[in-house]
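Descriptive structure summary
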Amino acid sequence: MAAASDDELVETLIGVFMEIDGLFSTASRGLRLTPQQAQLLCFAQHLRPSFGELATLLHCDKTNITGLVDRLQRRGLLTRQPDPDDRRISRVHLTPEGEAVTGQFQQAINTTLTARFSSWPPAQRDSLVHLLQSATTELRR
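Because the structure is predicted, anything quoted here is derived from the model rather than measured.

**Things to note about helix α2 (residues 35–47)**
The terminal C-alpha atoms of α2 lie 18 Å apart, and with 13 residues this matches the ideal 18 Å at 1.5 Å per residue to within 8%. Those residues of α2 that sit buried are Q37, A38, L40, L41, C42, A44 and Q45. Buried positions along α2 lie against α1 (6–29), α3 (51–58), α4 (62–74), β1 (78–82), β2 (90–94) and α5 (96–117). Following α2 by one or two positions, R48 adopts a phi angle in the positive range, close to 55°.

**As for a negative patch on the surface**
A cluster of like negative charges, contributed by D6, D7, E8 and E11, occupies part of the molecular surface. For D7, the position within the fold is in helix α1. We classify D7 as exposed; its relative accessible area is 62%.

**Comments concerning the nonpolar core**
With 25 residues, the main nonpolar core has L33, L40, L41, I65, V69, L78 and V92 as its most contacted residues. Looking at this core, the elements that each hand over two or more residues are α1, α2, α3, α4, β2 and α5. With five residues, α2 is the single largest residue contributor to this core. Contacts of L41, omitting those with residues within four sequence positions, involve L33, L72, L77, L78, L94, V101 and T102.

**Overview of unusual backbone geometry**
For R32, which is not glycine, the phi dihedral falls at a positive 60°. Mapped onto the elements of the fold, R32 is located in the loop between α1 and α2. Although it is not a glycine, H59 adopts a positive phi angle of roughly 55°. Position of H59 among the secondary structure elements: in the loop between α3 and α4.

**So, the environment of K62**
Mapped onto the fold, K62 is located in helix α4. As for K62 and F51, which are separated by eleven residues in sequence, their C-alpha atoms are 6.4 Å apart. Those residues within four positions of K62 in sequence are excluded, and the remaining contacts are F51, G52 and A55.

**Regarding the side chain of D86**
Looking at the secondary structure, you find D86 in the loop between β1 and β2. Accessibility expressed as a relative area gives 19% for D86, which makes it buried. Engagement of the side chain of D86 in a polar contact is seen with the side chain of R88, the distance being 2.8 Å.

**Topic: the layout of surface pockets**
Approximately 1,900 Å³ is the volume attributed to the largest pocket. V16, F17, I20, L132 and T136 are the residues nearest the centre of the largest pocket, which is lined by 35 residues in total. Mapped by element, the contributors of at least two residues to the lining of the largest pocket are α1, α2, α3, α5 and α6 (122–140). With eleven residues, the top contributor of residues to the lining of the largest pocket is α1.

Reading the values: the criteria
- Residues numbered from 1 in each chain as written.
- Predicted model: local features only at pLDDT ≥ 70, side-chain atom pairs only at ≥ 80, totals over all residues.
- Heavy atoms only, no water.
- Helix = DSSP H or I, 4+ residues; strand = E, 2+ residues; numbered from the N terminus.
- Expected span 1.5 Å × (residues − 1).
- Buried < 20%, exposed > 50% of the residue type's maximum accessible area, 1.4 Å probe, protein only.
- Contact = heavy atoms within 4.5 Å.
- Patch = residues over 30% accessible without salt bridge, like charges linked within 9 Å, V, L, I, M, F, W, Y side chains within 5 Å.
- Areas by Shrake-Rupley, 256 points an atom, 1.4 Å probe, with all protein chains shown as cover.
- Salt bridge = Lys/Arg side-chain N within 4 Å of Asp/Glu carboxyl O.
- Lys, Arg positive; Asp, Glu negative; His and termini not counted.
- Charge placed at Lys NZ, Arg CZ, Asp CG, Glu CD.
- Core = buried A, V, L, I, M, F, W, Y, C linked by side-chain atoms within 4.5 Å.
- Polar contact = N/O pair within 3.5 Å; in protein donor to acceptor, adjacent residues only side chain to side chain.
- 1 Å grid on protein atoms, 1.4 Å probe; cavity = no way out; pocket = protein on both sides within 12 Å on 5 of 7 lines; lining within 4 Å.
- Points joined across faces, edges and corners; volume = space filled by probe spheres on them.

Next up, the structure:
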């Protein structure tokens, strides 16, 4: 089998991104969220991030985070709490309803992806996991 060209690699990675982006869009719309709101909830579930940290994680301006947090707070999905070490910083915390919605979002993603790869032999799934882990590790360096 011939090695993939740089163009094929880039085109394939863009295709994977578009598939995942579409999956996030579908799952988030089903919960009356934007994909960015769903991502924010997922980050808040594990990190209790500040607004600046959210801006970095979501690759957007800090001013965009205020609107995202405001809308999610009005829906009762999260709260802002002062950082215990620096009261100038607000941190985002999920409410119990926010935890439930985030769990529903993650379950929708999990169900769809599990179904998509369920017919793959275990060795092929293991190879995919290894390759994707290598790619994300390389991108984080």
